[in-house]
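For reference, the chains in residue letters:
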Amino acid sequence: LAAHEAFLLSLGHFQSASCNDIAKLIRKAVCDVMEREEMGPQVSVTEETLGNLFEVCCREADKECVGKQSDIASRLLPESLEAKIDAKIRAKVKALLDEARDYLESPQFLQVFQACCTCASKNFAAALLEDLQVAAGDTHIGIGPWPLAKLGRLRRRRRLRMRAG
């Protein structure tokens, strides 16, 4: 039980330092894609083009965050985690961490992860544009296009509604 608890606690690394590093890399990837694709505030997008843009951003973020497939585990579960574990249970926790690293390094993990990102990109684009139509008072679902700048205003409105609610 103590080894399982220590294993789960070691996963907190992802929620702290690792997560902050990944967020910085994702911001960089999105900025790179927006610049390369010349996506400024006046560019009009449809649900399809926005979904494709999100998907390209995800792939760029994959390259920034992971690099090679073998880098996934070292970024999310670095070897240094083991040194923080009590020596009495270190071998058992190391075995659990090694098994988790094996899953992360498998080709199937990356395939499933990318498939999930593709689906999430499309769903996010659809939901975002539906919110835009509701905020604009549209009673019917249209196909756009809408300027990217409108999406930024929608995001600010949503944050204000969330704070008020």
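Residues numbered from 1 in each chain as written. Predicted model: local features only at pLDDT ≥ 70, side-chain atom pairs only at ≥ 80, totals over all residues. Heavy atoms only, no water.

Asker: When you look at the overall build of the protein chain in this model, what are you seeing that I'm missing?
Answerer: For the protein chain, the helix and strand inventory stands at seven helices and two strands. For the protein chain, the succession of helices and strands along the chain, N to C, is α-α-β-α-α-α-α-β-α. A burial count over the protein chain gives 31% of its 165 residues as buried. Contacts spanning at least 24 positions in sequence make up 74% of the contacts within the protein chain whose residues lie at least 6 apart. (Helix = DSSP H or I, 4+ residues; strand = E, 2+ residues; numbered from the N terminus. Buried < 20%, exposed > 50% of the residue type's maximum accessible area, 1.4 Å probe, protein only. Contact = heavy atoms within 4.5 Å.)

Asker: Just checking my understanding: could you explain the pattern of salt bridges for this structure?
Answerer: A side chain of one charge can pair with a side chain of the opposite charge when the charged atoms of the two come close. As enumerated under the stated definition, the model contains 10 salt bridges in all. Here Lys 63 and Glu 60 are joined by a salt bridge, their closest N and O atoms 3.7 Å apart. Of the two residues, Lys 63 and Glu 60 are both situated in helix α3 (residues 47-66); the distance of three residues between them amounts to about one turn of the helix. Classification of Lys 63 by relative accessible area gives exposed; the value is 54%. A salt bridge links Arg 101 to Glu 79, with the shortest nitrogen-to-oxygen separation between them at 3.9 Å. Here Arg 101 is found in helix α5 (residues 90-105), whereas its partner Glu 79 is found in the loop between α4 (71-76) and α5, with 22 residues between them in sequence. (Salt bridge = Lys/Arg side-chain N within 4 Å of Asp/Glu carboxyl O.)

Asker: How should unusual backbone geometry be read in this particular structure?
Answerer: Among all residues except glycine, the phi angle is most often negative; among peptide bonds, the trans geometry is most common. Backbone geometry places Glu 38, a non-glycine residue, at a positive phi of 55 degrees. If you trace the backbone, Glu 38 turns up in the loop between α2 (12-36) and β1 (44-45).

Asker: Which parts of the structure should I look at to understand the state of the cysteines?
Answerer: Here is the idea: a disulfide is a covalent bond, and it sits between the sulfur atoms of two cysteines. According to the stated counting rule, one finds zero disulfides in the structure shown. For Cys 57, which is in no disulfide, the shortest distance to another cysteine sulfur is to Cys 58 and amounts to 7.2 Å. The exposure class assigned to Cys 57 is buried, which follows from its relative accessible area of 9%. Here Cys 119 is not cross-linked by a disulfide; its sulfur's nearest cysteine counterpart is in Cys 116, at 7.4 Å. By relative accessible area, which is 45% here, Cys 119 ends up partly exposed. (Disulfide = S-S within 2.5 Å.)

Asker: Teacher, can you tell me more about the nonpolar core here?
Answerer: For soluble globular proteins, the rule of thumb is that nonpolar side chains tend to be buried together. Phe 7, Ile 72, Leu 76, Leu 77, Val 93, Leu 97 and Leu 104 are the most contacted members of the largest nonpolar core, which has 19 residues in total. Going through the elements one at a time, α1 (2-10), α2, α3, α4 and α5 are the ones with two or more residues in this core. The leading source of residues in this core is α5, at five residues. Those residues within four positions of Leu 77 in sequence are excluded, and the remaining contacts are Leu 11, Leu 97, Ala 100, Arg 101 and Leu 104. Residues Ala 125, Leu 129, Trp 146 and Leu 151 belong to the second largest nonpolar core, which totals 14 residues. (Core = buried A, V, L, I, M, F, W, Y, C linked by side-chain atoms within 4.5 Å.)

Asker: Mind showing me how you'd approach α3 here?
Answerer: Think of an α-helix as turning once every 3.6 residues; residues three or four places apart then point the same way. Under the 1.5 Å per step criterion, the end-to-end length of α3 is 28 Å for 20 residues, consistent within 8% with the ideal 28 Å. Listing the buried residues of α3 in full gives Leu 50, Gly 51, Leu 53, Phe 54, Glu 55, Cys 57, Glu 60, Ala 61, Asp 62, Cys 65 and Val 66. (Expected span 1.5 Å × (residues − 1).)

Asker: Sorry, what's going on with the packing of α1 against α5 here?
Answerer: Angle between the axes and distance between the axes: these two values describe a pair of packed helices. Between α1 and α5, the least distance of the axes is 9 Å, while the angle of their chain directions is 50 degrees. Here α1 is positioned oblique relative to α5, judged by the angle of their axes. Taken as a pair, α1 and α5 cross one another with a handedness that is right-handed. Together, Ala 3, His 4, Ala 6, Phe 7 and Ser 10 of α1 and Lys 92, Val 93, Leu 96, Leu 97 and Ala 100 of α5 make up the contact between the two elements. Tallied by class, the residues present in the contact of α1 with α5 amount to seven nonpolar, two polar and one charged. (Axes fitted to C-alpha atoms, helices over the stretch in contact; angles between N-to-C directions. Parallel < 35°, antiparallel > 145°, perpendicular 65-115°, else oblique. Left-handed = near helix turned anticlockwise from the far one by under 90°. Nonpolar A, V, L, I, M, F, W, Y, C, P; charged D, E, K, R; others polar.)

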